[in-house]
Amino acid sequence: MKKIILSLLTIVAALTVVVGATYGVFSDSKSITGNTFATGTVELTLNKSAGKPFSVTNAYPGYSTGWEYMDIYNTGSLEFEAQISFSKTSGSDPLWNKLWITLESAGGDGTCNTDDWGEWMIYDGYVKNYPSSRVVSDTAYYHLANESDGSGPPDNIIVGWTERVCQKLMLHSSAGNGAMGQSVTFDETVTAKSDND
Ligand SMILES: [Ca+2]
Ligand SMILES: [Ca+2]
C-alpha cells in the first residue's frame, strides 16, 4: 500500500512538471512605424489701406470718410473663419453712439464700391451695434469662401488667401450737440478661428 501511494505521488509530481512547462511557439511580427500627430497654426495678417486706422478730424453730422479696406490674410497653416469686432477704448459716448460704419466685401475685382459680382454688404449700421459673432468669411459676404473638409457651409479663408473688407465710417445725420467738439477712439479687431463647422 505504501508503495502505491509513493507511485501516485510520483505521478502527481510528474504531471505538475508537465503542466508548469511552457510550450514553444513559432511567431512573426511586423510594425508600421513613425506614426505622428501634429497640430497646425491659425495665424492672420492684417494689411490695410492708407486711410486705416481712420483718423478723422472736424467731422459733422452726415460726414463720411471715403472707402478704405483691410485685408484678412491667412498666413497660418490652417484655414480659418474670421470675425470682426469693434470696441470703444476712450472718449465720448454721445459721439460713439452715433458712429455709423458700412462694411462690404470687395467683390471679384478686389476693388471697393464698384458694384461688381461678389461685392456683398456685410454690415450697415451703428458701430456700437456690430454683431461681433458674425463670421465675415461666409459666402454671403465673401465669394472666395471655402470649406475644404466639406463639414459645413463654406465660411473659411483658406491658407494663402485674403479677404478684403471695405469700409467707410460716418457720423450719423441724427447726431446732436452732445457729439459736438468731442472725440472717440476705438479698436477694430479681427479674430480668426480654426474651422468649427
Ligand atoms: Ca468691387
Ligand atoms: Ca467653416
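Residues numbered from 1 in each chain as written. Chains lettered and ligands numbered in written order. Predicted model: local features only at pLDDT ≥ 70, side-chain atom pairs only at ≥ 80, totals over all residues.

**Re the overall build of the chain**
Piece 1. Counting secondary structure elements, the chain contains two helices and seven strands.
Piece 2. Along the chain, from the amino end to the carboxyl end, the secondary structure elements read α-β-β-β-α-β-β-β-β.
Piece 3. Looking at the chain as a whole, 22% of its 197 residues qualify as buried.
Piece 4. Contacts in the chain between residues at least 24 apart in sequence constitute 72% of all its contacts with a sequence separation of at least 6. (Helix = DSSP H or I, 4+ residues; strand = E, 2+ residues; numbered from the N terminus. Buried ≥ 20, exposed ≤ 12 C-beta atoms within 10 Å, placed from the backbone. Contact = placed C-beta atoms within 7 Å.)

**What about unusual backbone geometry?**
Piece 1. Put simply, K52 and P53 share a cis peptide bond, and its omega is 0°.
Piece 2. The phi angle at N113 is positive, at roughly 60°, despite the residue not being glycine.
Piece 3. Mapped onto the secondary structure, N113 falls in the loop between β4 (99-105) and β5 (121-126).

**Some points on the environment of T89**
Piece 1. Checked against the element boundaries, T89 lands in strand β3 (residues 80-91).
Piece 2. Residue class for T89 comes out exposed when judged on the 8 C-beta atoms lying within 10 Å of it.
Piece 3. A C-alpha to C-alpha distance of 5.0 Å links T89 and F186, two positions 97 residues apart in sequence.
Piece 4. Among all residues touching T89, those that are not within four sequence positions of it are T185, F186 and D187.

**As for the sheet that holds strand β6 (residues 162-171)**
Piece 1. Read from one edge of the open sheet, five strands run β1-β2-β6-β4-β5, paired in antiparallel fashion. Each edge of the sheet is formed by a strand with only one pairing partner; in this case those strands are β1 (44-48) and β5. Ignoring which end each strand starts from, the neighbouring axes of this sheet average 20° apart. (Pairing = 2+ DSSP bridges. Axes fitted to C-alpha atoms, helices over the stretch in contact; angles between N-to-C directions.)

**Considerations on the confidence of the model for the chain**
Piece 1. Mean pLDDT over the chain: 90, with 90% of residues reaching 70 or higher.
Piece 2. Taken element by element, the chain is modelled with least confidence in helix α1 (residues 2-20), mean pLDDT 56, and with most confidence in helix α2 (residues 93-96), mean pLDDT 98. (pLDDT = per-residue confidence, 0-100.)

**Thoughts on the environment of T45**
Piece 1. Positionally, T45 belongs in strand β1.
Piece 2. Those residues in contact with T45 that sit more than four places away from it in its chain are Y73 and T75.

**Some points on the pairing of β6**
Piece 1. Strand direction decides the pairing type here: strand β2 (residues 68-74) and β6, joined by six bridges, are antiparallel. Paired with Y73 across the strands is T162, a residue of β6.
Piece 2. Summarising the sheet, β4 and β6 pair through seven bridges and their orientation is antiparallel. In the strand pairing of β6, L99 is matched with L171.

**Regarding the nonpolar core**
Piece 1. Residues Y69, A82, L99, I101, I122, V136 and V165 are the most contacted members of the largest nonpolar core, which totals 26 residues.
Piece 2. Listing elements by their share of this core, those giving two or more residues are β2, β3, β4, β5 and β6.
Piece 3. Per element, the largest residue contribution to this core is four residues, and it comes from β4.
Piece 4. When near neighbours in sequence (up to four residues on either side) are disregarded, Y69 contacts K48, S49, A106, C112, R164, V165, C166 and Q167. (Core = buried A, V, L, I, M, F, W, Y, C linked by C-beta atoms within 7 Å.)

**With respect to the environment of L46**
Piece 1. Inspection of the secondary structure assignment puts L46 in strand β1.
Piece 2. Accessibility expressed as a C-beta count within 10 Å gives 15 for L46, which makes it partly exposed.
Piece 3. For the pair L46 and T189, spaced 143 residues apart in sequence, the C-alpha separation works out to 9.6 Å.
Piece 4. Sequence-distant contacts of L46, defined by excluding residues within four places in its chain, comprise M70, I72 and V190.

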